[in-house]
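Commentary on secondary and tertiary structure
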Amino acid sequence: MFSNLSNIAEGVDNAFLIILSIIFFFLIGLTVLLVVFIFRYRESKNPKATQIEGNNTLELLWTIIPLILVLGMFYFGWTSWKPLNSDPPKDAMVIKVTARMWNWSFEYENGKHTDTLYIPAGKPVALDMKALDVIHSLYIPAFRIKQDIIPGTPRKAWFIANSPGSYDLFCAEYCGLQHSYMLTSVEVKTSKEFDAWYIDTTQTVVVAASPQLAGKQIVQKYGCNACHSTDGTKIVGPSYKGIFGEEITVITGGKERIITVDEEYIRHSILEPDADVVKGYNKGLMITYRDQITEEEINLIIEYIKSLK
Amino acid sequence: MSESKQPSYLEYQGKYKGLFGWIFSVDHKRIGLLYMYSIMTFFIVGATLGLLMKLELIAPGKTIMDAQTYNGLFTLHGITMIFLIVIPGIPAILGNFFLPIMIGAKDVAFPRLNLLSWWIYIIGAVIALSSQFMGSGPPDTGWTFYAPYSFKTTTNMLPAVLGAFTLGFSSILTGLNFIVTMHRMRAPGMNWMKMPLFPWTLYGTAWIQLLATPIVGITLLMVVAERTLHVGFFDPALGGDPVLYQHLFWIYSHPAVYVMILPAMGVISEILPTFARKTIFGYKAIVASTLAIAFVGYFVWGHHMFTAGMSGTAQFAFSFLTFLVAIPSAIKVFNWISTLYKGSIHLAVPFYWAASFIFVFMIGGLSGLVLGALSTNVHVHDTAFVVAHFHFIVFGGVGFAFMAGIHYWFPKIYGRMYDESWALTGWVVFFLGFLALYSPMFYLGMKGMPRRYFDYLPEYHGPNIFSSLGAVVMIFGLALIIINLIRSARKGEKATANPWNGTTLEWTIESPPILENFEEIPTVTEPPYHYK
């Protein structure tokens, strides 16, 4: 529990320690008292009850003492929360975070684009977050940080990770079907390792043995598999398996029509997902990837889908 | 009235016979039981849904259902449990039955309105549940209907929202009825400071029902207008603000927590003096804390939104007020435990339920301190910790108090006694299962497992197994309890008028009560828990 893995965690864990100590003190103390009273004053042991209507001194004491304690807990909760609410330092590294159903993507100042959050240890990191569709919430338990991201309103968060390692990153606000799969990891590197990773921009250009394999990596990067399977299973959207070249029924502007899945249809579906929705699937779930995806990446995805027979 | 004795309310034959004699009865006791039978039916459904969810979570990955089914289940579980069971719960069942009797009245102030409230409740329930069977699939938004997901989902959400809206009227009318009853119909000599504590908590509750419920009503109508007419209130795509929805939703739904828990506290305040053979410790302090909770409870809703991005000032104020509302609850616990001091405690099933209520309520309440403080809230917000916390309060608190109350008043309601060894076994099994089910969730939440998760990482597996097994044990205990009560209502031994040696007015009349409760309206001279 007490990990001290971020600049925020230490204060939060101290607040936890204080509050949990008070909780356990009262829980154990009062439970013991309850059990002792039941045991000592049971009918067989104490056949005649003594009538006591109350005691004003006691009432006063058990109002004032808990009042002081809760104000103390309030204070520690508040002071250790203030760093979460503060503005990031000027030298913080800014990373753009995009949350959508049901994946995370991170974009760095030099244009690097990943589905895993790589950060250097010991350096302030500012997250500039937006949600494309519904409310999501960025949650890194190890760092004691959580921030809802409301569509239409950018949200910020910042922190300093203390030690290199790999940590979970969850979506904490329920966001639909694949909510529990909307997770990734934070990879905290030493600044040397991080710099080496950061300047290596070749990784953003996919290098792979074949265009199909490259396409597969792009599909993974954008999290397409959250909704589109590659083995024929129906999830939220149609499976990629064997769809290329097939005749399918789509709904265009409320009317059914039959089309063949070709390169143009796939391109159009990535850029304008609601235009021709395959019959049996719902409109409005997928949001356009225009401005995020390059023409070259679309072509590689098409090659990949063609290969899934 | 003629000289001959009135029949009991169970035997009385009015204008209608059989089933119609119940569903068109304006007798507060029959209406109380109508509520009990309908709420218990829904409760068995809700509990089964909960058990299925726990079975799904016994292992990572898909276990017995797919993700869409799971999301539909926790939505239906939440809607049923909150809107159909716990909010009406104790006031509608035990309140309807015992409020008039405990203040020495023949019925509530508006008996017809009371029957109407039950009918509205049934209509609301049917509308809400119709969402499961009609349209494009069961809603999957969670019981909170958060925007904008609730606008994006293609599932059948409108009936659920309209159902909740309708149920609100039932709640408002019951609140109104109880307030007028207590102001106008107390027996001669029963001034406010001689009124028993269960009616007092119903009084605090009734004001919340009356004043807070309209807010959620309007909010839900706004959702309907937004979904059907595309007026932009909450959906950013239409220019609305999702955070506004959260504010409006919790302005009602937080006070609603006190609608649930206050009457539960009232039941416990009745049972403890009776079984300790001793007057309640600090009557005035308990009354004052009841009213304080009902009042301060209106101003703490923001603690449901500490990660939503409110202003720093709002966060500060809501956290501060949340800590203040903890004080009156603490005062009650201190007074309850002090009531046992130097008592002569008769150990029986209702008392065991009441004592275990104090224990689980302390866990629920004290864990709330973690959620009231800002920084610790942010860490465990929307995790299994919160689920554990509110189940300890809403199920532990309200559920245990209801069990205590039904085992306490059962002989009065049916004029028969239940089998005590079955009831005791049921309590032990249920209590242990309950602790095993919800305690691990505190740990899971501290470790960071988010709530509403169909699947989880392998690191969370151990505590989830424990929790799921706890659910099985608890449901087994529940079955024992329910079977015992149903059997005993028909075949139990005849009960006397005052089996527990209670001092409040309901123990001065016959078991089961006659149609109009009292042969003659009593005059009250003593405080409610007067033992010599």
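Owing to the predicted nature of the structure, the values given are computational and were not obtained by experimental measurement.

1. Describing the interface of chain A and chain B
Opposite the 74 residues of chain A that make contact, chain B presents 86 residues. Interface area for chain A against chain B, summed over the two sides, is near 7100 Å², with a carbon-plus-sulfur share of 69%. At the boundary of chain A and chain B, one finds one salt bridge. The salt bridge involving Arg277(B) is made with Glu43(A); its shortest N-O contact spans 3.8 Å.

2. Concerning the pairing of strand 11 (residues 247–252) of chain A
Residue and element names in this part refer to chain A. By the bridge criterion, six bridges tie strand 11 to strand 12 (residues 255–260) in an arrangement that is antiparallel. Bridging from a neighbouring strand, Thr249 pairs with Ile258 of strand 12. Where strand 11 folds back onto strand 12 in an antiparallel hairpin, the turn is made up of two residues, including Gly253, whose phi is positive at roughly 55°. Alignment of strand 11 against strand 13 (residues 276–278), held across three bridges, turns out to be antiparallel. Bridge assignment links Val250 to a residue of strand 13, and that residue is Val278.

3. Quick look at the state of the cysteines
Residues and elements named next belong to chain A. Inspection of the entire model under this criterion finds zero disulfides over all chains. No disulfide involves Cys171; its sulfur sits 4.0 Å from the nearest other cysteine sulfur, which is in Cys175. Exposure remark for Cys171: the relative accessible area of 0% places this residue in the buried category.

4. Comments concerning helix 14 (residues 384–414) of chain B
Residues and elements named next belong to chain B. Residue Tyr408 marks the point of greatest curvature in helix 14, where the axis turns by about 45°; the proline Pro411 follows within four residues. Counting buried residues along helix 14, 30 of its 31 residues qualify, which places the element largely inside the surrounding structure. The positive-phi residue at the C-terminal boundary of helix 14 is Gly415, with phi of around 70°.

5. Digging into the environment of Leu33(B)
Residues and elements named next belong to chain B. Relative to the helices and strands, Leu33 resides in helix 2 (residues 28–56). For the pair Leu33 and Asp107, spaced 74 residues apart in the sequence, the C-alpha separation amounts to 14 Å. Apart from residues lying up to four places away in sequence, Leu33 is in contact with Tyr9, Leu10, Trp22, Phe97, Ile413 and Tyr414.

6. Description of unusual backbone geometry
Here the amide bond leading from Met101(A) into Trp102(A) is cis, since omega sits at -5°, within 30 degrees of zero. In this structure, Trp102(A) sits in the loop between strand 1 (93–100) and strand 2 (103–107). Residue Pro148(B) is reached from Ala147(B) by a cis peptide bond, and omega for that bond is -5°. Within the secondary structure layout, Pro148(B) lies in the loop between helix 5 (111–130) and helix 6 (149–152). Its identity is not glycine, yet Arg144(A) carries a phi of approximately 60°, on the positive side. In this fold, Arg144(A) is placed in the loop between strand 6 (136–140) and strand 7 (145–149). A residue is classified by how much of its surface remains accessible, and Arg144(A), at 4% relative accessible area, is buried. Although it is not a glycine, Asn517(B) sits at a positive phi angle of roughly 70°. Along the polypeptide, Asn517(B) turns up in the segment after strand 2 (493–494).

7. Details of the environment of Glu493(B)
Residues and elements named next belong to chain B. Tracing the backbone shows Glu493 in strand 2. Through-space distance from the C-alpha of Glu493 to that of Met40 is 23 Å; in sequence the pair is 453 residues apart. Leaving out residues up to four positions away in the same chain, Glu493 has contacts with Gly415, Arg416 and Met417.

Criteria and thresholds
Residues numbered from 1 in each chain as written. Chains lettered and ligands numbered in written order. Predicted model: local features only at pLDDT ≥ 70, side-chain atom pairs only at ≥ 80, totals over all residues. Heavy atoms only, no water. Contact = heavy atoms within 4.5 Å. Buried area = accessible area lost by both parts, 1.4 Å probe. Salt bridge = Lys/Arg side-chain N within 4 Å of Asp/Glu carboxyl O. Pairing = 2+ DSSP bridges. Helix = DSSP H or I, 4+ residues; strand = E, 2+ residues; numbered from the N terminus. Disulfide = S-S within 2.5 Å. Buried < 20%, exposed > 50% of the residue type's maximum accessible area, 1.4 Å probe, protein only. Bend = angle between axes of the 7 residues up to and from the residue.

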